[in-house]
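Listed here are the chains, written in short residue letters.
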Amino acid sequence: MPDSPREPGAPPALPLAAPPSGAFDLATFRRELASRTASAVQALRARIGSEALYAFALFLDAEAAFTTVSASANTEEALARRAAARAEADPRYRGEAGRRLLRWSTPDWGYHDFSPEVRALSLPPVLEWRPGADVALYAALVGALKVIDRAGLFGRGAERAFLTVNVLCPSPSPAFFLKGLKLLNPRPTVERHLRETAMAPFVRCVNRAPRRERMRIWLALYEDLYMEWRTPIAEEARARGMSPWDVEAELARFGAKAVPALVDLLAHYGFASPFDHNRGLETREVWLAGSALFLLRRIGGVHEREIARLQKLVGEFVERDRRLKIAPTLAENTARVLWQLRPRRFPEPQMDPQTYKLLNPEPFLPRAGR
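Residues numbered from 1 in each chain as written. Predicted model: local features only at pLDDT ≥ 70, side-chain atom pairs only at ≥ 80, totals over all residues. Heavy atoms only, no water.

### Some words on the overall build of the protein
- Broken down by element type, the protein carries 17 helices and five strands.
- Over its C-alpha atoms the protein spans a radius of gyration of 27 Å, topping by over 25% the 21 Å that the globule rule assigns to 370 residues.
- In terms of principal-axis extent, the alpha carbons of the protein reach across some 85 × 50 × 35 Å.
- Across the 370 residues that make up the protein, the buried fraction comes to 46%.
- Long-range pairs, those at least 24 residues apart, make up 65% of the contacts in the protein with a sequence separation of at least 6.
- If you sum the accessible surface of the protein, you get close to 18,800 Å²; carbon and sulfur atoms cover 55% of it. (Helix = DSSP H or I, 4+ residues; strand = E, 2+ residues; numbered from the N terminus. Rg over C-alpha atoms; globule rule 2.2 N^0.38 Å. Buried < 20%, exposed > 50% of the residue type's maximum accessible area, 1.4 Å probe, protein only. Contact = heavy atoms within 4.5 Å. Areas by Shrake-Rupley, 256 points an atom, 1.4 Å probe, with all protein chains shown as cover.)

Shown next, in the form of structure tokens:
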């Protein structure tokens, strides 16, 4: 792809030449990165024509200890094309939902890694990094992008406000995304992103629903995130950096009203296959059941009706565990929660450290608890 003529104010092209010693020179890297990226931006604008450019990024292969850098960009039109293509096989990508899911998925951008010249730049091997090298290299990336921005290649005024410039990587953490966002963009762009991608607006949106419906939405999202289901609301929550623990905080606000639903989750998922041998861990179902159990304890205020349900579940877990060599910890965990909720009524549970089975189930069974 030939470069278009250099625009006024763009950095001059510089040959990438290592110092005589052959060592990596950070200043030379930054100047060459700015020069090659400026040429890439000019060529990109000639290529996309009248399409609306909304994102440009220097793309790394990792947040830290990165070994490659490339130039990536996307337009609103390319985003719509990619979402429509995905929607043919997966209905989640239809319409606006698909565009939201793919908007900041850099590897799915229409112009991902579009510049061979930027990709050809070499970074020092990670094993040769000195302390603070990651900070210095990141600063060089940011500095190069700021040089291009000052030259006006990212646009000016309203055009610039609607173009987001960042340093990205595969699945960037919210903190990493926000760091580059604030360093490289004008305030209106940052504020728009905080409305569109931050967690707080999402929480406010859910909490505008009627109270009963609101709790149902949070419970469904809690289940989706723990089970790693790719529902539209779960994808939106993940895009805003929301974890199951953030959802737990919202559910805890409902107090005792959430307790029956949490016991329902424990009863529903607590009898799933206990171990995922491919991962060498407990299954997601058991994780969800245990998390619901401990959230119940965190909320407190458990009615006697739910205490009786927990006692019954202890008995059913113990009966299930008799058939297992290694049991999940749900029997002991449920007994422990009963003890913590009613310490005068239930003793401290005891667990076999080898099999994880509850050793003193009798005090927790329904008859003994009456």
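### A few points about the pattern of salt bridges
- This model, assessed by the stated rule, comprises 22 salt bridges.
- For the salt bridge of Glu-76 with Arg-103, the shortest nitrogen-to-oxygen distance reads 2.9 Å. Of this pair, Glu-76 sits in helix α2 (residues 76–87) while Arg-103 sits in the loop between α3 (95–102) and α4 (116–119), and the two are 27 residues apart along the sequence.
- Where Asp-264 meets Arg-309, a salt bridge forms, and the shortest distance between an N and an O atom there is 2.6 Å. With a gap of 45 residues between them, Asp-264 in helix α13 (residues 259–269) and Arg-309 in helix α15 (residues 304–321) connect regions that are remote in the sequence.
- Residue classification places Arg-309 among the partly exposed residues on the basis of a relative accessible area of 28%. (Salt bridge = Lys/Arg side-chain N within 4 Å of Asp/Glu carboxyl O.)

### What to know about helix α9 (residues 199–207)
- Every buried residue of α9 is accounted for by Pro-201, Phe-202, Val-203 and Val-206.
- Where α9 is buried, its residues contact α8 (187–197), α10 (211–227), α11 (232–239) and α12 (244–252).

### Digging into the environment of Leu-145
- Tracing the sequence through the fold places Leu-145 in helix α5 (residues 133–150).
- Taking C-alpha positions, Leu-145 is 9.5 Å from Arg-30, a pair spaced 115 residues apart along the chain.
- Among all residues touching Leu-145, those that are not within four sequence positions of it are Thr-37, Phe-56, Leu-58, Phe-154, Val-165, Asn-166, Val-167 and Leu-184.

### Some details on a nonpolar patch on the surface
- A cluster of nonpolar residues, Ile-326, Met-351 and Tyr-356, forms a patch on the protein surface that exposes about 230 Å² of accessible area.
- Examined against the element boundaries, Tyr-356 turns out to sit in the loop between α16 (330–341) and α17 (366–369).
- Assessed through its relative accessible area of 35%, Tyr-356 is described here as partly exposed. (Patch = residues over 30% accessible without salt bridge, like charges linked within 9 Å, V, L, I, M, F, W, Y side chains within 5 Å.)

### Topic: the environment of Glu-248
- Turning to its location among the elements, Glu-248 is positioned in helix α12.
- Judged by relative accessible area, which is 10%, Glu-248 ranks as buried.
- The spatial distance from the C-alpha of Glu-248 to the C-alpha of Arg-298 is 9.8 Å, given a sequence separation of 50 residues.
- Apart from the residues within four sequence positions on either side, Glu-248 is in contact with Tyr-222, Tyr-226, Ser-291, Leu-295 and Arg-298.
- Within the structure, Glu-248 has its side chain in polar contact with the side chain of Tyr-222 (distance 3.2 Å). (Polar contact = N/O pair within 3.5 Å; in protein donor to acceptor, adjacent residues only side chain to side chain.)

### Overview of unusual backbone geometry
- Notably, Asp-113 is not glycine yet its phi reads approximately 50 degrees, a positive angle.
- Along the chain, Asp-113 falls in the loop between α3 and α4.
- Taking the relative accessible area as the measure of exposure, Asp-113 reaches 25% and is therefore partly exposed.
- Not every positive phi belongs to a glycine, and Tyr-356 is a case in point at roughly 65 degrees.

### Examining the packing of aromatic side chains
- Counted under the stated rule, the structure contains 13 aromatic pairs.
- Ring plane angle 10 degrees and centroid distance 5.7 Å describe the contact between Phe-346 and Phe-364, whose orientation is recorded as stacked. Of this pair, Phe-346 sits in the loop between α16 and α17 while Phe-364 sits in the loop between α16 and α17, placing them 18 residues apart in sequence.
- What makes Phe-346 buried here is its relative accessible area of 2%.
- Overall, Phe-364 belongs to the buried group, its relative accessible area being 0%.
- Within the aromatic cluster, the residues linked to one another by ring pairs are Tyr-54, Trp-104, Trp-109 and Phe-177.
- The positively charged end of Arg-86 is found above the aromatic ring belonging to Tyr-93, 5.3 Å away from the centroid.
- The positively charged end of Lys-179 is found above the aromatic ring belonging to Tyr-138, 4.1 Å away from the centroid. (Phe/Tyr/Trp six-rings, centres within 6.5 Å; stacked < 30°, edge-to-face > 60°. Lys NZ or Arg CZ within 6 Å of the ring centre and 35° of its normal.)

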